[in-house]
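# Commentary on secondary and tertiary structure
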Amino acid sequence: PKQYQVVVDPSKLIAYDLALKDVFEAVERGSGNAGGGYIERNREQFISRGEGLISRLDDVRRIVLKANKGGTPVTVAQIADVREGSMLRIGAATMDGKGETVIGIAQMLAGENALVVADRVREAVESLQPTLPKGVRIVPFYDRADLVHRVIATVEKNLVEGGLLVVAVLFAFLGNFRAGLIVTSIIPFSMLLAFTGMVQGGIPANLMSLGAIDFGLVVDGAVVVIENVFRRMSEPEGRGKTLRQLTAEATHEVVRPITFGKWIIVLVYIPILALGGIEGKMFKPMAITVVLALLASLLLTLVLIPVLASLFLKEGGADHEPGFVGWLRSGYLALLDRCFKHRGLVIGFAVLSLVFAGALATRLGAEFIPRLDEGDIAIQSSKLPSVALSEATAT
């Protein structure tokens with residue numbers, strides 16, 4: 001910032017019998033404001049005051065310090081050099097070790113869209129470039145839009161890969177193309193309802209909120225319904241009933257366990273909603289998004305999936321289970337038999353795992369922030385607080 005500097009000549013102070021304190025007080029009085037009450041005129045009140053507004057260097061030079069024995073005033077110009085200057089520098093910025101530069105940061109208001117603001121700042125900078133003095137140009141060194149685009153690309157990659165993986169597993173384990181399509185359809189519809197709730201609730205869509213959605217949790221209820229429909233179709237008592245009746249009965253049988261299962265998962269995310277500070281801002285959108293997706297999948301599982309199953313599944317009742325699933329089932333049953341034979345060992349291992357997890361929980365601390373690699377490297381060096389500006393700039 002610009003300053004009006006009064007550089008006092010000590011020899012002239014002595015010659016005029018003045019102290020530095022006299023100069024301070026005189027300059028302060030010369031630039032001060034004084035109230036003069038008010039004047040009433042024509043039923044109106046006018047405030048009277050004197051403003052010591054300094055607008056140029058001559059205003060400072062003409063400030064009177066005192067009057068000598070002959071009554072001649074002694075002014076600031078007689079004992080000091082008055083000039084324009086700048087405040088003492090307490091910091092500096094360099095770029096690529098090639099010399100000093102000026103850094104400017106555009107501050108985004110709360111609630112604004114980072115990508116939109118970054119685009120508007122870029123447009124403003126481009127419009128300013130032609131108006132700058134010769135040899136001066138604005139060079140962006142950090143553009144938040146790059147981070148936003150990388151995050152969007154990461155979210156897209158995670159969602160697409162996760163969705164394709166779940167679809168592949170569904171087709172492999174269900175062993176029925178139509179059943180796989182029916183179960184898979186719940187993913188886009190659940191996401192659509194979740195996004196609608198996020199828009200209406202003002203929940204931000206970011207890497208944390210969208211990346212936490214587990215498609216396996218979204219489709220598990222639909223898998224249970226379809227599996228139970230196939231089970232009812234394969235039973236002898238189900239051969240005389242229509243597919244609509246079998247689907248309704250199969251869905252009715254699993255409504256309670258599916259609902260309880262979804263709500264148990266939802267309850268796991270409820271404590272996250274109680275977080276505050278930075279943790280709350282980062283993790284609350286994630287918890288709300290997951291809860292919205294789970295509730296949407298529950299609604300669609302109980303309403304949409306039975307309708308689609310009754311319309312598009314083929315009546316028959318043939319065993320649809322793939323061969324490798326039967327192999328996995330036999331291995332699981334054999335392992336389950338061993339666990340039943342060694343109940344004490346299994347329960348003891350579970351208790352020890354719980355105790356070990358509890359011991360680890362006591363050392364987690366009260367704050368936790370995930371490490372996110374945004375692709376930009378920031379190097380920071382620390383020096384003594386008393387380091388000279390010239391030394392810091394040279395470093």
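This text gives an overview of the structure that appears in the document. None of these values were measured; they are calculated from a predicted model.

### Topic: the side chain of threonine 184
Considering the arrangement of structural elements, one finds threonine 184 in helix 7 (residues 177–184). In this structure the side chain of threonine 184 is engaged in a polar contact, spanning 2.6 Å, whose partner is the backbone oxygen of glycine 180. Filtering out sequence-adjacent residues up to four positions away, threonine 184 remains in contact with Val167, Leu170 and Phe171.

### Considering the packing of aromatic side chains
Applying the stated rule across the entire model yields 2 aromatic pairs. Aromatic side chains phenylalanine 173 and phenylalanine 324 sit 5.2 Å apart centroid to centroid with 75 degrees between the ring planes, which places their arrangement in the edge-to-face category. Taken as a pair, phenylalanine 173 in helix 6 (residues 144–174) and phenylalanine 324 in helix 13 (residues 323–341) lie far apart in primary sequence, 151 residues in all. With relative accessibility at 38%, the residue phenylalanine 173 sits in the partly exposed group.

### Considering the nonpolar core
In terms of nonpolar packing, the biggest core is built from 34 residues, with Val183, Ile186, Ile187, Val219, Ile226, Ile305 and Leu313 touching the most fellow members. For this core, the elements supplying multiple residues, two or more each, are helix 6, helix 7, helix 8 (186–201), helix 10 (215–234), helix 11 (243–269) and helix 12 (277–312). With 9 residues, helix 10 is the largest single contributor of residues to this core. Sequence-distant contacts of leucine 313, defined by excluding residues within four places in its chain, comprise Asn176, Arg178, Ala179, Ile182, Ile226, Val229, Phe230, Leu243 and Leu308.

### A look at the packing of helix 5 (residues 114–128) against helix 6
Remark: helix 5 packs on helix 6, axes separated minimally by 8 Å, with the N-to-C direction vectors making an angle of 145 degrees. Relative to helix 6, helix 5 is oriented so that their crossing is left-handed. Note on element contacts: helix 6 touches helix 5 through Arg144, Ala145, Val148 and His149, opposite Ala114, Leu115, Ala118 and Arg122. Taken together, the residues of the contact of helix 5 with helix 6 sort by class into 5 nonpolar, 1 polar and 2 charged.

### Some words on helix 7
Among all positions of helix 7, only Ala179, Gly180, Ile182, Val183 and Thr184 are buried. Buried residues belonging to helix 7 abut helix 6, helix 8, helix 10 and helix 12.

### Thoughts on the environment of leucine 13
Mapped onto the elements, leucine 13 comes out in helix 1 (residues 10–15). Classification of leucine 13 as buried rests on a relative accessible area of 10%. Those residues within four positions of leucine 13 in sequence are excluded, and the remaining contacts are Val8, Leu18, Ala19, Leu20, Val23 and Ile79.

### Some points on the pairing of strand 3 (residues 44–51)
As judged from the 7 bridges shared by strand 2 (residues 33–41) and strand 3, these two strands associate in the antiparallel manner. Looking across to strand 3, one finds that alanine 34 is bridged to glycine 50. Two successive antiparallel strands, strand 2 and strand 3, enclose a turn made up of 2 residues, where asparagine 42 displays a positive phi of approximately 50 degrees.

### A look at the environment of proline 73
Relative to the assigned elements, proline 73 resides in strand 5 (residues 73–75). On the basis of relative accessibility, which here comes to 43%, the residue proline 73 falls in the partly exposed class. Sequence spacing of proline 73 and isoleucine 63 is 10 residues, and the spatial spacing of their C-alpha atoms is 9.4 Å. For proline 73, the residues in contact, after removing those within four places along its chain, are Val64, Lys66, Ala67 and Gln78.

### Considering unusual backbone geometry
One non-glycine residue, aspartate 17, lies in positive phi territory at about 55 degrees. We note that asparagine 42 has phi near 50 degrees; this positive angle belongs to a residue other than glycine. Mapped onto the elements of the fold, asparagine 42 is located in the loop between strand 2 and strand 3.

Basis of the calculations
Residues numbered from 1 in each chain as written. Predicted model: local features only at pLDDT ≥ 70, side-chain atom pairs only at ≥ 80, totals over all residues. Heavy atoms only, no water. Helix = DSSP H or I, 4+ residues; strand = E, 2+ residues; numbered from the N terminus. Polar contact = N/O pair within 3.5 Å; in protein donor to acceptor, adjacent residues only side chain to side chain. Contact = heavy atoms within 4.5 Å. Phe/Tyr/Trp six-rings, centres within 6.5 Å; stacked < 30°, edge-to-face > 60°. Buried < 20%, exposed > 50% of the residue type's maximum accessible area, 1.4 Å probe, protein only. Core = buried A, V, L, I, M, F, W, Y, C linked by side-chain atoms within 4.5 Å. Axes fitted to C-alpha atoms, helices over the stretch in contact; angles between N-to-C directions. Left-handed = near helix turned anticlockwise from the far one by under 90°. Nonpolar A, V, L, I, M, F, W, Y, C, P; charged D, E, K, R; others polar. Pairing = 2+ DSSP bridges.

On their own, these measurements won't tell you what the molecule is for.
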